[in-house]
Amino acid sequence: MDHDIAWPGSVRPGGRTARVRESVLEVAGDLLADRGFAHLDLTEVATGAGVGKTTVYRRWRTPAGLVADLLVDMAEQSLPRADTGSLLDDLTANARLVAKTLADGRQSNLFRAVIAAATCDDATAAALHTFYDTRLNEWAPCVEEAVIRGEAPVGTDPRAVLSAVSAPLYYRLLASGDPIDDDIADRSARAATIATAAGTFVITRTDVSGVTT
């Protein structure tokens with residue numbers, strides 16, 4: 001994944017440009033959550049945001065470009081990682097943050113729409129992957145520091161640990177429809193912590209002789 005990719009509209013602006021971006025992204029998020037990616041129209045977004053459609057088309061060019069910038073903004077606005085000094089507490093904070101987001105009516109609809117769009121639009125899929133790369137990289141030090149403290153084995157993959165924390169929450173959002181709350185968040189964090197300590201997420205490598213190390 002190229003972390004230096006410049007998505008349309010992804011350069012953080014200032015002044016009036018920042019206010020325009022904020023208004024456009026807010027309207028785009030509302031429309032996306034309400035009606036889905038297939039009905040995201042740049043002209044309608046411009047009208048709702050009170051800006052000229054030429055501005056929107058010049059800056060974001062396509063609905064996918066707008067969604068990409070929306071995901072950039074969501075990553076930027078998300079809370080920074082926890083630093084409690086305990087892997088369990090850090091992962092619990094992460095799980096509760098994800099749960100709070102996915103339990104929110106607007107945000108849950110927004111994520112459903114973006115994930116659905118990513119299955120059929122390459123640009124949206126790339127933007128979604130970049131969004132999650134940003135969040136995983138933000139929280140990776142929680143696991144790396146746990147290794148230093150001896151709470152996790154050397155070679156533990158931070159991305160695998162963090163994915164294990166949030167996977168049950170996304171399953172509820174996209175598949176089962178079961179409630180997403182602090183209880184399931186806490187259980188997901190505990191399960192991931194236990195699995196981490198047991199070495200479940202240690203990266204194994206195979207040398208040239210075919211021996212796994």
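K.L.:
An account of the pattern of salt bridges is needed here, citing residue identities and associated values.
P.N.:
Evaluated as defined, the whole model comprises 11 salt bridges. A salt bridge links arginine 21 to aspartate 69; the shortest N-O distance between them is 2.8 Å. Residue arginine 21 is located in helix α1 (residues 15–35), and its partner aspartate 69 is located in helix α4 (residues 63–77); the two are separated by 48 residues in the primary sequence. The same class applies to arginine 21 as to aspartate 69, namely buried. For the salt bridge of aspartate 183 with arginine 187, the shortest nitrogen-to-oxygen distance reads 3.0 Å. Highlighted residues: aspartate 183 and arginine 187, both in helix α9 (residues 182–197), separated by 4 residues, approximately one helical turn. Through salt bridges with shared partners, one network takes in Arg21, Asp69, Asp73 and Glu76.

K.L.:
Now, about helix α2 (residues 42–49): what can you tell me, with residues and values included?
P.N.:
Within the span of α2, buried status applies to Leu42, Val45, Ala46 and Ala49. With its buried residues spanning 100 degrees around the axis, α2 presents them on a single face. Residues Thr47 and Gly48 are exposed on α2 and point more than 90 degrees away from its buried face. For α2, the elements touching its buried residues are α1, α3 (53–60) and α4. The N-capping residue of α2, defined by a side-chain oxygen 3.1 Å from the backbone nitrogen of threonine 43, is aspartate 41. Downstream of α2 by one or two residues, glycine 50 has phi in the positive range, about 75 degrees.

K.L.:
Outline the side chain of arginine 135, supporting the account with residue identities and numerical values.
P.N.:
Within the fold, arginine 135 resides in helix α7 (residues 122–149). Of the buried charged residues, arginine 135 lacks a salt bridge, with glutamate 138 as the closest side chain of opposite charge at 4.7 Å. Aside from chain neighbours lying at most four places away, what touches arginine 135 is Ala75, Ser78, Leu79 and Leu97.

K.L.:
Could you give an account of the nonpolar core, naming the residues involved and the relevant values?
P.N.:
One finds Val24, Leu32 and Leu66 to be the most contacted residues of the largest nonpolar core, which totals 63 residues. Here this core gets 9 residues from one element, more than from any other, and that element is α7. Apart from residues lying up to four places away in sequence, valine 24 is in contact with Val45, Ala49, Val51, Val56, Trp60 and Leu66.

K.L.:
So, the environment of alanine 185: which residues are in play, and what are the values?
P.N.:
Among the secondary structure elements, alanine 185 is positioned in helix α9. A relative accessible area of 0% places alanine 185 in the buried class. The spacing of alanine 185 and leucine 169 is 16 residues in sequence and 7.3 Å in space, taken between C-alpha atoms. If near-sequence neighbours (up to four positions away) are discounted, alanine 185 is found in contact with Ala95, Arg96, Ala99 and Leu169.

K.L.:
Which residues make up unusual backbone geometry, and what values do they have?
P.N.:
Despite not being glycine, arginine 61 has its phi angle at roughly 70 degrees, a positive value. With respect to the secondary-structure elements, arginine 61 resides in the loop between α3 and α4.

K.L.:
Run through α4, naming residues and quoting values.
P.N.:
Since the α-helix packs 3.6 residues into each turn, any two residues three or four apart lie on the same face. Taking 1.5 Å per residue, 15 residues should reach 21 Å; α4 reaches 21 Å between its end C-alpha atoms and fits that length. Where burial is concerned, most of α4 is hidden: 12 out of the 15 residues are buried. Among the residues making up α4, those that are buried are Ala64, Gly65, Leu66, Val67, Ala68, Asp69, Leu70, Leu71, Val72, Asp73, Met74 and Ala75.

Criteria and cut-off values
- Residues numbered from 1 in each chain as written.
- Predicted model: local features only at pLDDT ≥ 70, side-chain atom pairs only at ≥ 80, totals over all residues.
- Heavy atoms only, no water.
- Salt bridge = Lys/Arg side-chain N within 4 Å of Asp/Glu carboxyl O.
- Helix = DSSP H or I, 4+ residues; strand = E, 2+ residues; numbered from the N terminus.
- Buried < 20%, exposed > 50% of the residue type's maximum accessible area, 1.4 Å probe, protein only.
- Arc of directions from axis to C-beta.
- Contact = heavy atoms within 4.5 Å.
- Polar contact = N/O pair within 3.5 Å; in protein donor to acceptor, adjacent residues only side chain to side chain.
- Lys, Arg positive; Asp, Glu negative; His and termini not counted.
- Core = buried A, V, L, I, M, F, W, Y, C linked by side-chain atoms within 4.5 Å.
- Expected span 1.5 Å × (residues − 1).

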